[in-house]
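A structural walkthrough
Residue strings, one per chain:
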Amino acid sequence: MNGLNTGGGAISGNPGDQFPHQPVLYHEVLDALAPVSGSDYLDGTLGAGGHAEGILQASAPRGRLLGLDLDLEALAIARQRLFAYQDRVILRHASYRDAPEILQEIGWQHFHGILLDLGVSSMQIDRPGRGFSFSEKGPLDMRFDQDSGLAAADLVNTLSEEALAKILQDYGEERFAKRIARAIIAAKPIQTTQALAEVVKKAVPFYSSNIHPATRTFQALRIATNKELETLAAALPALLMCLAPTGRIAVISFHSLEDRIVKRFFKTESRDCICPPEQPTCTCGHSASLKILTKKPVRPGIQEIQDNPRARSARLRVAEKILKKA
Ligand SMILES: C[S@@+](CC[C@H](N)C(=O)[O-])C[C@H]1O[C@@H](n2cnc3c(N)ncnc32)[C@H](O)[C@@H]1O
């Protein structure tokens, strides 16, 4: 795995349209991570490898990248895309939560840059067999990792009405959570995306014409199926430990629930004291380890949203690990 320049060249324009997922905030991510040769990077949510390819190009000739994804189909696409850089890349079928153990196993010291581009890819949404979309009929699956865990159908068909309503409320911020949960219980077993979308549509008293009434239900079930928020909250402190001093972490989120977790984590880790404000003296012993580089999240511009409407809700937050004095 020692660095040979097997790919590279300058970064220009937007990355390959021939791939089934257009990387969001591509230039902003590369500006944020500012990759350089001789440094090591983690792309914890590899997808089709668009951001990863940019990082490898920018860090030629000796930058290395560890790419992780829970989705075997995504890994296969990324492996093909990154073939030219194979001497500088390690790809693994794993959660970004497991990055600290993988870092040890591959013998790298730390990462100089970490990227998480959270959520679902266009490949996943567009493939009816994955069960993420209500636009076409497919099995109610929604797992990023089809090799493990319970599918969305298992949740829908086994959870109590109360538990379902809580998921819809907490993860979908769905105002009709109770009604929808009641309708799901009455209609179960529900095995397909379209059957669920129909149940939701009938359960809600009214809905806006430009957002499908099942949008929030699908978001909530996807988050619950993949334990997305728990994973993010548990992974951030562990990833911070793997970040080199002056290394940067960039996180793209697509809804306020995950963005809130990132924002709070960055805020806490950028403070020297995290004692309650009413406490007269500090007893926490906490010290800041991050400097926030994005006071407000970076959003895609109008052009990017026009070119790729799925980018519209993306928010990028970036922080840099503080170089502590000895
Ligand atoms: C928005 S896509 C990433 C797209 C990628 N940046 C690109 O340029 O193509 C998100 C990816 O993260 C993966 N993913 C979601 N949760 C994950 C986790 N906990 N660990 C690893 N991969 C995860 C999904 O399977 C999906 O492929």
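Quantities reported herein were computed from a predicted structural model and do not represent experimental measurements. (Residues numbered from 1 in each chain as written. Predicted model: local features only at pLDDT ≥ 70, side-chain atom pairs only at ≥ 80, totals over all residues. Heavy atoms only, no water.)

1. With respect to the overall build of the protein chain
We count it as follows: Each helix corresponds to a stretch of at least 4 residues labelled H or I by DSSP, and each strand to a stretch of at least 2 residues labelled E; elements are numbered beginning at the N terminus. Three exposure classes are used, based on accessible area relative to the maximum for each residue type with a 1.4 Å probe and protein chains only: buried under 20%, partly exposed in between, and exposed over 50%. Throughout, a residue-residue contact means that at least one pair of heavy atoms, one from each residue, lies within 4.5 Å. In this description, accessible areas are obtained by the Shrake-Rupley approach with a 1.4 Å probe, and a residue is regarded as covered only by the protein chains that are shown. Neither His nor the chain termini are counted; the positive set is Lys and Arg, and the negative set is Asp and Glu. Just so you know, the charge point we use is NZ for Lys, CZ for Arg, CG for Asp and CD for Glu.
Counting its regular elements, the protein chain contains 13 helices and seven strands. Taking the principal axes of the C-alpha coordinates as reference, the protein chain spans close to 60 × 60 × 40 Å. Residues classed as buried in the protein chain amount to 51% of the 326 residues present. Partitioning the intrachain contacts of the protein chain with sequence separation of at least 6 by distance along the chain shows that 70% fall at a separation of at least 24. Split by element, the accessible area of the protein chain, about 15700 Å² in all, is 52% carbon and sulfur. When the 39 basic and 36 acidic side-chain charges of the protein chain are each reduced to a single mean position, those positions are 6 Å apart.

2. Some details on unusual backbone geometry
Each neighbour pair has its own omega, and for A60 with P61 the value is 5°, a cis peptide bond. Tracing the sequence through the fold places P61 in the loop between α2 (50-58) and β2 (64-69). In the segment running from K188 into P189, the intervening peptide bond is cis, with an omega of 10°. Tracing the chain through its elements places P189 in the loop between α8 (177-187) and α9 (193-203). If you check the backbone angles, T246 has positive phi at about 70° while not being a glycine. Summarising the element assignment, T246 is placed in strand β5 (residues 243-253).

3. Quick look at the packing of aromatic side chains
What counts here: Aromatic rings from Phe, Tyr and Trp, with only the six-membered ring used for Trp, were paired whenever their centres fell within 6.5 Å, and each pair was classed as stacked if the ring planes differed by under 30 degrees, edge-to-face if by over 60, and tilted otherwise.
Tallying each qualifying case throughout the model produces five aromatic pairs. Residues F132 and F144 carry aromatic rings whose centres are separated by 5.8 Å and whose planes lie at 25° to one another, so their mutual orientation is stacked. Here the residue F132 occupies a position in the loop between α5 (122-126) and α6 (152-158), and F144 occupies one in the loop between α5 and α6, the gap between them amounting to twelve residues. For the residue pair F132 and F144, the accessibility class agrees, reading buried in each case. On the numbers, 5.4 Å between centres and 85° between planes, the contact of F176 with F206 is edge-to-face. Of this pair, F176 sits in the loop between α7 (161-172) and α8 while F206 sits in the loop between α9 and α10 (215-225), placing them 30 residues apart in sequence.

4. Re the packing of α9 against α10
The condition is simple: An axis is simply a line fitted to the C-alpha atoms; with a helix, the fit covers only the stretch in contact. Between two such axes, the angle follows the N-to-C directions and lies from 0 to 180 degrees. Convention used here: angles under 35 degrees read as roughly parallel, angles over 145 as roughly antiparallel, angles from 65 to 115 as roughly perpendicular, and any remaining angle as oblique. Note on convention: the crossing is left-handed when the near helix lies turned anticlockwise from the far helix by less than a right angle, right-handed when the turn is clockwise. Here the term charged refers only to Asp, Glu, Lys and Arg, the term nonpolar to Ala, Val, Leu, Ile, Met, Phe, Trp, Tyr, Cys and Pro, and the term polar to all other amino acids, Gly among them.
For the pair α9 and α10, interaxial distance at closest approach is 9 Å and the crossing angle is 130°. It follows that α9 is oblique to α10 by the angle criterion. You can see that α9 and α10 cross each other, and the crossing is right-handed. In this structure, α9 uses T193, L196, A197 and V200 to contact α10, whose residues at the interface are T217, F218 and L221. Residues of the contact of α9 with α10, tallied by class, amount to five nonpolar, two polar and no charged.

5. Some words on the pairing of strand β7 (residues 315-321)
Defined as follows: Strands qualify as paired when DSSP identifies two bridges or more between them.
With respect to burial, β7 is a largely interior element, seven of its seven residues being buried. Residue alternation in β7 divides its side chains into two sets, R315, R317, A319 and K321 and L316, V318 and E320, and both sets are buried. With six bridges connecting them, β5 and β7 associate as antiparallel partners. In the sheet register, V251 faces β7, and the bridge partner there is R317. In this sheet, β7 lies alongside strand β6 (residues 290-292) in antiparallel orientation, the contact comprising three bridges. Within β7, the position partnered with L290 by the bridge is K321.

6. Concerning the sheet that holds β2
Note: strands within a sheet are paired through backbone hydrogen bonds, in either parallel or antiparallel orientation. Taken in spatial order, the seven strands line up as β3-β2-β1-β4-β5-β7-β6 in an open sheet, and their pairing is mixed. Looking at the sheet topology across the chains shown, the edges are occupied by β3 (89-93) and β6. Mean inter-strand twist for the sheet, computed between neighbouring axes without regard to direction, equals 15°. The sheet strands contacting helix α3 (residues 72-81) are β2 and β3, and the helix crosses β3 at an angle near 165°.

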